[in-house]
Amino acid sequence: MCDKGSMAQYTRVSGFVGLITLQNPPVNALSAAVRQGIVDMVERALSDPIVKSVVICGQNGNFCGGADIKEFGTNMSGPPLVPMIDAIEAANKPVVAAIEGSALGGGLELALGCHYRIAHSKARLGLPEVTLGLLPAAGGTQRLPRLVGVPAALNLITTGRHVTAAQALQLGIVDQVTDHNAVDVAVTFSLSVAGQSLDARRISTYLCPLPSDFDALFEGVMQKVRQSARGAIAPVACVQAVRAAATLPYTKGMEREQELMATLFTSGQARAQQYCFFAQRAVGRWRMPSGARWETSKPRPVHKAAVIGLGTMGRGITVALAQTGLSVVAVETQEKQLMEAKQAVSGMLERGAKRHGVVPTLDRISYSQNIQAIAEVDLVIEAVFEDMALKTEVFQQLSAVCKPGTLLCTNTSALDVDKLASETPNPELVVGMHFFAPAHVMKLLEVVYGPRSSPQAVATAMQLGKKMGKVSVAVGNCRGFVGNRMLMPYLQQAFFLLEEGATPELVDQALEEFGFPMGVFRMSDLSGLDIGWRVRKRDELVEPDMASGKSARIRQGSRYSPLGDLLCEQGRFGQKTGRGWYQYDKPGSRVARSDPWLHSFLVEYRARHGLVPRSIDHQEVLERCLYALINEGFRILEDGIAAGPEDIDVIYVFGYGWPRHRGGPMFYAGMVGLAKVLERLEHYQQAHPDVPYLQPCSLLRRLVAGGSPPIHRWREVIKKHQSQL
Ligand SMILES: CC(C)(COP(=O)(O)OP(=O)(O)OC[C@H]1O[C@@H](n2cnc3c(N)ncnc32)[C@H](O)[C@@H]1OP(=O)(O)O)[C@@H](O)C(=O)NCCC(=O)NCCSC(=O)/C=C/CCCCCCCCCCCCC(=O)O
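Residues numbered from 1 in each chain as written. Predicted model: local features only at pLDDT ≥ 70, side-chain atom pairs only at ≥ 80, totals over all residues. Heavy atoms only, no water.

**A closer look at the overall build of the chain**
Scanning the chain from terminus to terminus reveals 28 helices and 20 strands. Taken over C-alpha atoms, the radius of gyration comes to 29 Å for the chain, in line with the 27 Å a tight globule of 725 residues would show. By residue count, 57% of the 725 residues in the chain fall in the buried class. Partitioning the contacts of the chain with sequence separation of at least 6, the portion at a separation of at least 24 is 72%. Of the accessible surface of the chain, which amounts to about 30200 Å², a share of 54% is contributed by carbon and sulfur atoms. (Helix = DSSP H or I, 4+ residues; strand = E, 2+ residues; numbered from the N terminus. Rg over C-alpha atoms; globule rule 2.2 N^0.38 Å. Buried < 20%, exposed > 50% of the residue type's maximum accessible area, 1.4 Å probe, protein only. Contact = heavy atoms within 4.5 Å. Areas by Shrake-Rupley, 256 points an atom, 1.4 Å probe, with all protein chains shown as cover.)

Below, the structure written as structure tokens:
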């Protein structure tokens with residue numbers, strides 16, 4: 001017996017079991033039609049006198065990815081989730097969830113409404129709503145603590161992390177884990193419990209187990225959550241909802257859950273986080289200006305890779321490749337450096353393996369001082385010192401040594417990928433793979449294509465990034481690519497603000513309150529002031545500090561702040577030297593303390609240059625630093641370096657600490673209002689006519705003139721704009 005008409009298929013199996021299969025590919029999200037299907041099919045199973053038990057599963061080995069996120073911005077129709085799940089829990093026949101693939105968000109909440117849960121060993125479960133700016137508002141915040149206790153529920157709900165089936169069993173979320181077909185096991189099981197009392201199986205009737213140190217627990221968790229949330233409201237609401245489960249009867253707790261959800265549901269933060277979810281997936285479907293994309297470009301298989309240069313970046317990349325399961329040849333010409341790297345890489349692999357309870361993959365790596373060792377690899381990632389002449393020499397060696405067709409990638413963070421490619425006989429095989437430090441931890445990868453990179457080379461690098469678990473974004477070749485190019489105006493404004501009267505503490509506080517994990521000066525101390533200094537010297541921007549006055553602060557016709565150079569001349573490179581924009585207890589120490597020397601230095605510097613300090617507030621810090629960065633984002637779109645605003649936003653959220661609840665710089669610009677961003681840029685540009693970065697980009701002007709369309713319509717405007725430039 002079978003009903004195939006709706007998005008929940010009903011079949012009678014084993015004579016007496018009503019099997020309800022959710023059918024909404026690819027993840028069986030709970031759209032209005034699926035919810036209607038479940039309501040109808042559950043009613044049908046319960047009213048059929050032959051049916052003794054019910055099993056709910058998902059089509060194609062995937063239980064359910066939760067509520068349909070695409071519905072959230074629309075006028076939602078169809079039966080609501082809460083009464084649907086309550087009706088399942090109230091059923092007088094046992095209902096068993098057969099969980100294969102994922103049970104996430106509303107999917108897990110549906111399973112928690114069932115009387116039993118059986119999971120396949122490879123299934124993953126979780127309540128990730130917090131990552132979408134929401135909370136599990138289909139009873140998840142009320143049922144989970146009743147089932148697994150308050151501490152475990154708080155951990156899962158406030159982080160949104162997924163757990164394996166084995167972990168879910170240990171926590172008590174599922175009743176059984178199987179290596180066999182979970183649906184078959186659930187069907188047999190459901191018959192074995194048919195007719196038994198269900199009183200003890202309805203989670204909403206459980207008393208929430210209360211820890212003895214209840215108040216202290218919530219206080220501690222709330223403090224931790226507020227700190228790590230960096231201004232995001234959903235994690236805080238999650239704690240409040242779980243607290244309601246611990247203190248109120250179920251129905252009252254549900255009222256609180258719904259009340260908190262109503263606030264989150266319509267918030268700008270939820271919109272921003274849901275935008276990030278889809279943006280991340282959109283950038284995975286990369287597209288080059290030529291139109292090349294997955295559908296037209298087949299990646300080459302990569303089994304064996306090489307890393308050239310085992311400094312900090314090379315070591316991280318080696319670890320990331322080995323953890324992906326590739327054979328890696330790690331090459332470092334300096335013997336001492338090679339030995340140190342070998343030890344460091346082994347340590348990182350061992351620690352990573354311990355964390356994940358697996359065996360370290362040390363034997364996947366062979367080390368060599370000789371570049372000839374890479375002759376047989378499919379792909380090379382060069383990670384030597386950031387110097388064009390050195391990289392050119394390495395690329396020429398690689399071309400001579402590697403087998404034909406080997407893909408040559410550079411991990412440069414700003415150098416010209418096309419120039420490097422032009423030094424090789426096969427420029428179509430050259431792309432940038434710009435990892436972020438630490439390379440085995442950071443999720444972002446910029447895949448940089450030059451005008452001669454072949455679509456297959458880009459597809460191969462994108463595919464490898466995906467395999468490595470990276471969020472890979474294909475971008476065009478320009479100085480600094482997307483991320484670092486946008487950082488330049490941001491840093492520049494921060495320096496100018498110091499000249500005009502701000503302190504590093506004030507600027508950092510404004511940016512950290514906005515949601516960055518670190519302000520610009522703390523970040524500069526962490527990464528090292530000498531890096532930018534080297535680049536500025538190469539660009540011939542650094543001059544001996546003899547002159548004073550305005551002319552001493554002009555380079556190549558534009559305003560320039562030598563503050564960073566002056567600190568470097570004093571040996572203040574940041575954390576590594578124990579002094580930078582802040583002071584540290586000792587070199588390498590991480591706790592930044594305000595430095596009276598720096599403040600006196602700024603006073604003396606301003607006086608020497610005739611700069612009259614003025615009071616600067618947080619709003620000015622944010623507007624100048626962020627709008628200058630955003631303005632450069634528009635230029636990047638105008639130049640066709642990024643395919644769309646989503647690419648820029650994903651790069652900033654995953655690589656530069658831009659708060660996810662603000663959606664990324666381009667999304668944020670849309671939220672603030674493009675007209676407002678333009679007006680403020682014009683205002684600051686008038687005040688600082690010698691700063692080209694503050695000159696509003698013509699694409700921004702065009703978008704405003706066109707009525708500031710929503711972000712998903714920018715691509716049309718960009719295309720038109722580019723064709724008229
Ligand atoms: C792990 C995954 C499930 C699968 O991963 P993978 O295999 O890698 O595939 P992906 O590339 O990620 O996804 C494939 C495509 O599927 C799309 N997708 C995935 N999940 C969803 C989804 N849940 N909804 C819609 N679409 C989805 C994805 O975008 C891909 O398509 P495309 O390439 O973009 O085209 C992984 O996908 C994953 O992690 N998914 C998300 C899981 C998740 O976060 N689930 C939670 C969803 S939220 C939820 O469940 C909430 C439940 C609570 C109840 C909500 C009730 C709402 C109403 C309340 C209103 C009250 C306020 C009223 C206000 C007022 O008063 O007016």
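So much for the structure itself; the text now carries on.
**So, the UniProt feature "domain: 3-hydroxyacyl-CoA dehydrogenase NAD binding" (unreviewed entry) in the chain**
As annotated by UniProt and renumbered to match this structure, "domain: 3-hydroxyacyl-CoA dehydrogenase NAD binding" (unreviewed entry) occupies residues 304-477. Between the end C-alpha atoms of residues 304-477 there is a gap of 26 Å, over a span that is 39% helix and 23% strand. (UniProt positions renumbered as here; feature names shortened; annotations may be inferred.)

**A short note on the sheet that holds strand 6 (residues 102-104)**
Spatial strand order, 6-8-9: 3 strands in an open sheet with mixed pairing. At either end of the open sheet lies a strand with only one pairing partner, and these are strand 6 and strand 9 (162-164). Shown here is a sheet whose adjacent strand axes are inclined to one another by a mean of 20°, direction ignored. Judged from the 3 bridges that link them, strand 8 (residues 124-126) and strand 9 form a sheet pairing that is antiparallel. Bridge pairing in strand 9 links Gly126 to His162. (Pairing = 2+ DSSP bridges. Axes fitted to C-alpha atoms, helices over the stretch in contact; angles between N-to-C directions.)

**As for the pairing of strand 13 (residues 365-368)**
Sheet topology places strand 12 (residues 327-331) next to strand 13; 4 bridges connect them, and they run parallel. If you follow Ala330 over to strand 13, its bridge partner there is Tyr367. Following the backbone out of strand 12, through helix 13 (residues 335-356) and into the adjacent parallel strand 13, one traces a crossover that is right-handed. (Right-handed = clockwise from strand over helix to strand, strands pointing away.)

**Things to note about the packing of helix 17 (residues 483-500) against helix 18 (residues 504-514)**
Contact geometry of helix 17 with helix 18 gives a least axis separation of 9 Å together with a crossing angle of 135°. One element, helix 17, and the other, helix 18, form an angle in the oblique class. Considering how the two elements wind past one another, helix 17 and helix 18 form a crossing that is right-handed. Where helix 17 approaches helix 18, its residues Tyr490, Ala494, Leu497 and Leu498 are matched on the opposing element by Pro504, Val507 and Leu511. Residue composition of the contact of helix 17 with helix 18, by class: 7 nonpolar, no polar and no charged. (Parallel < 35°, antiparallel > 145°, perpendicular 65-115°, else oblique. Left-handed = near helix turned anticlockwise from the far one by under 90°. Nonpolar A, V, L, I, M, F, W, Y, C, P; charged D, E, K, R; others polar.)

**Side note on the site of the ligand**
In the region of the ligand, 28 residues are neighbours, and Gly65, Ala67, Gly106, Arg281 and Arg285 sit closest. Ala67 places a main-chain nitrogen or oxygen 2.8 Å from an oxygen atom of the ligand. With respect to the ligand, the side chain of Arg281 contributes an N or O atom lying 2.7 Å from an oxygen atom. For the ligand, whose unbound accessible area comes to 1300 Å², protein coverage reaches 68%. Residues of the shell around the ligand, tallied by class, amount to 17 nonpolar, 5 polar and 6 charged. (Near = heavy atom within 4 Å. Polar contact = N/O pair within 3.5 Å; in protein donor to acceptor, adjacent residues only side chain to side chain.)

**A look at the UniProt feature "domain: 3-hydroxyacyl-CoA dehydrogenase C-terminal" (unreviewed entry) in the chain**
Here, UniProt's "domain: 3-hydroxyacyl-CoA dehydrogenase C-terminal" (unreviewed entry) annotation points to residues 480-584 and 621-707. Across residues 621-707, helical content stands at 69% and strand content at 0%; the span's end C-alpha atoms are separated by 27 Å.

**Brief notes about the pattern of salt bridges**
Within the structure shown, the criterion is met by 39 salt bridges. Of the charged contacts, one joins Arg485 and Glu632 as a salt bridge, the two residues approaching to 2.8 Å between their closest N and O atoms. Note that Arg485 is positioned in helix 17 and Glu632 in helix 23 (residues 618-639), a separation of 147 residues in sequence. As far as the burial class goes, Arg485 and Glu632 line up, both buried. Between Arg522 and Glu512 there is a salt bridge, with the nearest N and O atoms lying 3.0 Å from each other. In this pair, Arg522 sits in helix 19 (residues 520-527) while Glu512 sits in helix 18, placing the two residues 10 residues apart along the sequence. (Salt bridge = Lys/Arg side-chain N within 4 Å of Asp/Glu carboxyl O.)

**So, the state of the cysteines**
The full count for this structure, using the stated rule, is 0 disulfides. Cys64 carries a free sulfur, and the closest cysteine sulfur to it, the one in Cys114, is 11 Å from it. Sulfur of Cys402: no disulfide; nearest cysteine sulfur belongs to Cys409 and is 10 Å away. (Disulfide = S-S within 2.5 Å.)

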